[in-house]
Amino acid sequence: MVASIISGKEFASRLRKKVTTQVSKLKSSLGSVPGLDVILVGNNPASEIYVKNKAKQTIEVGMQSTKHMLSKNVSEDELLKQINTVNIDDSVHGILVQLPLPDHINTQKIINSIEPTKDVDGFHISNVGLLATGQKAMIPCTPLGCLFMLKDYHQDLSGLNAVVVGRSNIVGKPMAQLLLNENCTVTVAHSKTQDLPKVCRQADIIVAAVGIPEFIRGDWIKPGATVIDVGINRISYQDSGTTKPKLVGDVNYDEAIAVAGAITPVPGGVGPMTIACLLANTTTAFCRINNVEEPSWN
Ligand code: NDP
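Undergrad: What should I look at first to understand the overall build of the protein in this one?
TA: When helices and strands are tallied, the protein shows ten helices and eleven strands. The C-alpha atoms of the protein give a radius of gyration of 19 Å, which matches the 19 Å a tight globule of 298 residues would have. The principal-axis extents of the C-alpha atoms in the protein amount to approximately 55 × 45 × 35 Å. Buried residues in the protein amount to 49% of all 298 residues. If you sum the accessible surface of the protein, you get close to 14,200 Å²; carbon and sulfur atoms cover 51% of it. Seen as two clouds, the 28 positive and the 27 negative side-chain charges of the protein have centres 2 Å apart.

Undergrad: Honestly, the state of the cysteines in this entry has me stumped. Any pointers?
TA: Here, the word disulfide means a covalent bond between the sulfur atoms of two cysteines. Under the criterion given, the structure shown has zero disulfides. The closest cysteine sulfur to the non-disulfide-bonded C141 is located on C277, 6.3 Å from its own sulfur. Among the cysteines around C287, which has no disulfide bond, C277 carries the closest sulfur, lying 15 Å off. A residue is classified by how much of its surface remains accessible, and C287, at 0% relative accessible area, is buried.

Undergrad: Would you take a moment to explain the site of the ligand for this structure?
TA: Taken together, the neighbourhood of the ligand is formed by 22 residues, with R167, S168, H190, S191 and T274 sitting nearest. For the ligand, an oxygen atom lies 2.5 Å from a polar atom in the side chain of S191. Side-chain polar atom of T274 to an oxygen atom of the ligand: 2.8 Å apart, as the coordinates give it. Isolated, the ligand exposes 930 Å² of accessible area, and the fraction of that covered by the protein chains is 70%. By residue number, the principal contributor to the shell around the ligand is helix α10 (residues 270-289), which donates three residues. The residue makeup of the shell around the ligand, split by class, is ten nonpolar, ten polar and two charged.

Undergrad: I tried to follow the sheet that holds strand β3 (residues 64-70) on my own but got confused; where do I start?
TA: Two pairing modes exist for strands in a sheet, parallel and antiparallel, and in both the strands are linked by backbone hydrogen bonds. Across the sheet, which stays open at both edges, the three strands sit in the order β3-β2-β4 with parallel pairing between neighbours. The open sheet is flanked by β3 and β4 (94-97), the only strands paired with a single partner. Adjacent strand axes in the sheet meet at a mean angle of 15°, parallel and antiparallel pairs treated alike. Of the pairings in the sheet, the one linking strand β2 (residues 35-41) to β4 comprises four bridges and is parallel in character.

Undergrad: What am I meant to see in the sheet that holds strand β5 (residues 161-165) here?
TA: Read across the sheet, six strands follow the order β1-β11-β8-β7-β5-β6 without closing on themselves; strand pairing throughout is parallel. Each edge of the open sheet is held by one strand with a lone partner, namely β1 (4-5) and β6 (185-189). Judged from the two bridges that link them, β1 and strand β11 (residues 262-263) form a sheet pairing that is parallel. Bridge assignment links S4 to a residue of β11, and that residue is A262. Running over the sheet, helix α7 (residues 172-181) touches β5, β6 and β7 (205-208) and is turned about 170° from β5.

Undergrad: Even after reading the chapter, I still don't get the packing of aromatic side chains, so can you show me in this structure?
TA: The geometry of an aromatic ring pair is captured by two quantities: the separation of the ring centres and the angle between the planes. By the definition in use, this model includes one aromatic pair. Taking the centre distance of 5.4 Å and the plane angle of 80° together, the rings of F215 and W220 count as edge-to-face. Judged by relative accessible area, which is 26%, F215 ranks as partly exposed. Overall, W220 belongs to the buried group, its relative accessible area being 12%.

Undergrad: Looking at this structure, I do not really get unusual backbone geometry. What am I missing?
TA: Most of the time, phi is negative for any residue but glycine, and the peptide bond is trans. Of the consecutive residues L99 and P100, the connecting peptide bond is found in the cis state with omega at 0°. Relative to the helices and strands, P100 is located in the loop between β4 and α4 (107-111). For the bond from V266 to P267, the omega torsion is 0°, close enough to zero to count as cis. In this structure, S240 is a non-glycine residue whose phi angle is positive, near 45°.

Undergrad: What should I look at first to understand α10 in this one?
TA: Residues spaced three or four apart along an α-helix point in a common direction, a consequence of the helix completing one turn every 3.6 residues. Counted at 1.5 Å a residue, the expected span for α10 with its 20 residues is 28 Å, and the 28 Å between its end C-alpha atoms agrees. Counting buried residues in α10 gives 15 out of 20 residues, a clear majority hidden from the surface. Looking one or two residues beyond α10, the residue adopting positive phi is N291, at roughly 55°.

Reading the values: rules and limits
Residues numbered from 1 in each chain as written. Predicted model: local features only at pLDDT ≥ 70, side-chain atom pairs only at ≥ 80, totals over all residues. Heavy atoms only, no water. Helix = DSSP H or I, 4+ residues; strand = E, 2+ residues; numbered from the N terminus. Rg over C-alpha atoms; globule rule 2.2 N^0.38 Å. Buried < 20%, exposed > 50% of the residue type's maximum accessible area, 1.4 Å probe, protein only. Areas by Shrake-Rupley, 256 points an atom, 1.4 Å probe, with all protein chains shown as cover. Lys, Arg positive; Asp, Glu negative; His and termini not counted. Charge placed at Lys NZ, Arg CZ, Asp CG, Glu CD. Disulfide = S-S within 2.5 Å. Near = heavy atom within 4 Å. Polar contact = N/O pair within 3.5 Å; in protein donor to acceptor, adjacent residues only side chain to side chain. Nonpolar A, V, L, I, M, F, W, Y, C, P; charged D, E, K, R; others polar. Pairing = 2+ DSSP bridges. Axes fitted to C-alpha atoms, helices over the stretch in contact; angles between N-to-C directions. Contact = heavy atoms within 4.5 Å. Phe/Tyr/Trp six-rings, centres within 6.5 Å; stacked < 30°, edge-to-face > 60°. Expected span 1.5 Å × (residues − 1).

Rendered as structure tokens:
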């Protein structure tokens with residue numbers, strides 16, 4: 001068996017087109033467009049690249065994009081003031097504070113200061129609670145992208161056994177909650193899980209969000225299972241005597257593709273979906289704030 005490839009790159013491109021259409025319709029009917037404000041503290045090179053990409057794609061779909069670049073020494077109070085300014089700005093519908101924040105800033109306090117309806121990352125405690133109780137929430141972008149791809153491939157996820165490897169607040173836990181809301185039987189595995197290969201072999205769906213390159217091996221996968229690889233790991237390898245960089249996931253792709261029924265590649269899988277879902281979430285936030293019907297992205 002050779003697995004079908006679930007192309008996040010293609011799915012994200014289709015989702016961005018849907019967002020572009022929605023934004024254009026909203027502009028015609030309401031005379032305004034969704035605005036996404038990104039706050040970056042410090043000059044972490046990886047964060048700067050993410051913020052630049054987000055701004056570029058935000059503009060491409062017709063939305064308003066604003067970047068707030070703050071010094072790495074900014075005080076927690078100054079950052080809270082900046083968040084309050086965008087919280088009360090009617091032209092802003094989505095607020096994203098790029099993580100990680102410097103050590104002197106309390107990240108959870110900052111996230112919880114964002115107006116929940118504008119919390120397009122879905123990390124505010126209100127949105128976490130709404131998702132956990134099956135209510136209308138802002139859903140974190142990476143797990144939302146995984147869910148879109150899973151629903152597109154399977155149509156109905158009800159009754160499937162899902163194993164989520166990783167229990168972070170930004171990926172593993174919301175992913176497990178989303179799958180539970182879709183009536184999957186969900187197991188959340190982590191670093192203390194015993195006999196992880198055996199746990200994974202029970203899964204119809206594996207979502208790997210571990211942060212260890214090529215961690216999930218082919219013989220951990222039930223034949224025909226769907227594998228969603230969230231991991232983004234930069235490794236180096238030898239090619240004709242030179243060391244070259246390479247991006248790999250948390251799943252051993254070459255082994256998994258021979259066993260799985262479907263798999264997301266790295267790069268080109270979950271990664272592109274994350275920013276596309278941020279744009280979708282910002283459009284959803286705009287609709288909720290303006291009391292207009294929100295789009296169904298599926
Ligand atoms: P975290 O480091 O926050 O969480 C990793 C999780 O993996 C933890 O729950 C940890 O368990 C678990 N884990 C670690 N070692 C093992 C092990 N040996 N066996 C089983 N579980 C283990 O990572 P994130 O959730 O933030 O990210 C996970 C991956 O996803 C990373 O590669 C990251 O780069 C990528 N990522 C990709 C995104 C995208 O857009 N595609 C977005 C966000 C992340 P414990 O809780 O017990 O420590």
